[in-house]
Amino acid sequence: MLKRFAHKLARHVTRPLLAAAIAVAALAPAHALTENEQKALKDLNSYFNSVKTMHGDFIQFGPDGSQSDGKFYMARPGKVRFYYNKPSVLDIVADGKSVSVRDRKLNTQDIWPLGQTPLRFLLSDNIDLQKDTNVTNVLVEADLITVTIFDKTKFNSGTLTLIFDAKDYALKQWTVTDQQGYDTSVAVYNVVSNGPTNPDLFKIDYLANARQGKN
């Protein structure tokens, strides 16, 4: 299912970031985390759990050098929206239980279970990167903290790499390597945390799928 989701996204934008966030690849064995690395994870957990809403801009980099951009909105637990600017026609919404991928031009939609995607880590009500994920590597540098996670579901398994600011622990970028070894990344900027949000941003039109005879 997750592979189908990734392929669906890739037909709309060239190996988009969220496709990379869903279609993940194999990784090296984990190593024991040092005290400094464990402390970094605890600090990241504290930051994440203090942020209930977030919005800003994103730019997505495909493995072929292509770029897409747009706006994103997040409300934990479980809700996010990625609205891609033209020429992309993609609109991605998570409403707390499902993820919808909609083609605004063709007016088509595919729906996937949120719990079977790596988005569940970032959107959970209480985030614990060390307890709830399989962290295989933590790299603590002067300006950045990089966390590599092995994610396994009944449908797929692979890696998700998260990059944070070392000073304020804000999420800056995430990257996934697909099964062919290609990297796709997204960077977020102009981020506003704990600001007001509109619940209507996170609504999925399930009747649209009934009209399409899907899901």
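**Student:** Explanation requested: the overall build of the protein in the structure shown.
**Tutor:** A tally of regular secondary structure across the protein gives six helices and 11 strands. In the protein, of all internal contacts separated by at least 6 residues, the share reaching a separation of at least 24 is 55%. If you sum the accessible surface of the protein, you get close to 10500 Å²; carbon and sulfur atoms cover 51% of it.

**Student:** How do you make sense of unusual backbone geometry when you look at a structure like this?
**Tutor:** Leave glycine aside and you will find that most residues have negative phi; peptide bonds, for their part, are mostly trans. Residues Arg-76 and Pro-77 are joined by a peptide bond in cis, for which omega reads 5 degrees. Within the secondary structure, Pro-77 is located in the loop between strand 2 (67-75) and strand 3 (79-84). Cis geometry marks the peptide bond from Lys-86 to Pro-87; its omega dihedral reads 15 degrees. In this model, Asn-194 sits at a positive phi of 60 degrees, which is unusual for a non-glycine residue. Structurally, Asn-194 is set in the loop between strand 11 (183-193) and helix 6 (206-212).

**Student:** Sorry, what's going on with the packing of aromatic side chains here?
**Tutor:** Aromatic rings in a pair are described by how distant their centres are and how their planes are angled relative to each other. All told, the structure shown has six aromatic pairs when counted by the stated rule. Centroid distance Phe-48 to Phe-164: 5.7 Å. Interplanar angle 90 degrees. Geometry classified as edge-to-face. A residue pair is termed long-range when its members are at least 10 positions apart, and Phe-48 in helix 3 (residues 35-50) and Phe-164 in strand 9 (residues 157-165) qualify at 116 residues. Look at Phe-58 and Phe-82: their rings are 5.5 Å apart centre to centre, the planes differ by 80 degrees, and that puts the pair in the edge-to-face class. Taken together, the residues span a long stretch of sequence, with Phe-58 in strand 1 (residues 53-61) and Phe-82 in strand 3 at a distance of 24 residues. Its relative accessible area of 1% is what places Phe-58 among the buried residues.

**Student:** Could you clarify how one ought to interpret the pattern of salt bridges in this entry?
**Tutor:** Any two side chains of opposite charge can pair if their charged atoms end up close together. Inspection of the entire model under this criterion finds six salt bridges. The closest approach of N and O atoms between Lys-71 and Asp-57, which form a salt bridge, is 2.7 Å. Of this pair, Lys-71 sits in strand 2 while Asp-57 is found in strand 1, placing the two residues 14 residues apart along the sequence. Several salt bridges converge on common partners, so that one network encompasses Arg-81, Asp-91 and Arg-102.

**Student:** Explain the pairing of strand 6 (residues 108-113) to me, please; I cannot follow it from the model alone.
**Tutor:** In regular strands, side chains alternate between the two faces of the sheet. By the bridge criterion, six bridges tie strand 5 (residues 98-103) to strand 6 in an arrangement that is antiparallel. Within strand 6, the residue paired with Val-99 across the bridge is Trp-112. The hairpin turn running from strand 5 into strand 6, its antiparallel successor, is four residues long, and Asn-107 in that turn takes a positive phi close to 55 degrees.

**Student:** I keep staring at the confidence of the model for the protein and nothing clicks. Help me out?
**Tutor:** Low pLDDT means the predicted coordinates in that region are not meant to be read closely. Scored by pLDDT, the protein has a mean of 80; 76% of the residues are at 70 or more. Within the protein, no element has a lower average pLDDT than helix 2 (residues 17-22), which sits at 42, and none a higher one than strand 2, at 95. Of the regions scoring below 50 in pLDDT, residues 1-29 engages in 91 contacts with residues more than four places distant in sequence or in other chains.

**Student:** What is the right way to look at the nonpolar core in this model?
**Tutor:** The tendency in soluble globular proteins is for nonpolar side chains to be buried as a group. Within the largest apolar cluster, 42 residues are counted, with the highest numbers of intra-cluster contacts made by Leu-41, Phe-82, Ile-145, Val-147, Leu-162, Phe-164 and Trp-174. Judged by nonpolar contacts, the second largest core, of six residues, contains Ala-75, Val-93, Ile-111 and Ile-204.

**Student:** Whenever I open this one, helix 3 confuses me. Can you help?
**Tutor:** Helix length check: helix 3, at 16 residues, gives a terminal C-alpha distance of 23 Å against a target of 22 Å (1.5 Å per residue), a fit within 8%. Three or more residues of helix 3 are buried, namely Glu-37, Ala-40, Leu-41, Leu-44, Asn-45, Tyr-47 and Phe-48. Projected onto a plane normal to the axis of helix 3, the buried residues spread over an arc of 165 degrees and lie on a single side. Opposite the packed face of helix 3, turned more than 90 degrees from it, sit the exposed residues Glu-35, Lys-42 and Ser-46.

Cut-offs applied
Residues numbered from 1 in each chain as written. Predicted model: local features only at pLDDT ≥ 70, side-chain atom pairs only at ≥ 80, totals over all residues. Heavy atoms only, no water. Helix = DSSP H or I, 4+ residues; strand = E, 2+ residues; numbered from the N terminus. Contact = heavy atoms within 4.5 Å. Areas by Shrake-Rupley, 256 points an atom, 1.4 Å probe, with all protein chains shown as cover. Phe/Tyr/Trp six-rings, centres within 6.5 Å; stacked < 30°, edge-to-face > 60°. Buried < 20%, exposed > 50% of the residue type's maximum accessible area, 1.4 Å probe, protein only. Salt bridge = Lys/Arg side-chain N within 4 Å of Asp/Glu carboxyl O. Pairing = 2+ DSSP bridges. pLDDT = per-residue confidence, 0-100. Core = buried A, V, L, I, M, F, W, Y, C linked by side-chain atoms within 4.5 Å. Expected span 1.5 Å × (residues − 1). Arc of directions from axis to C-beta.

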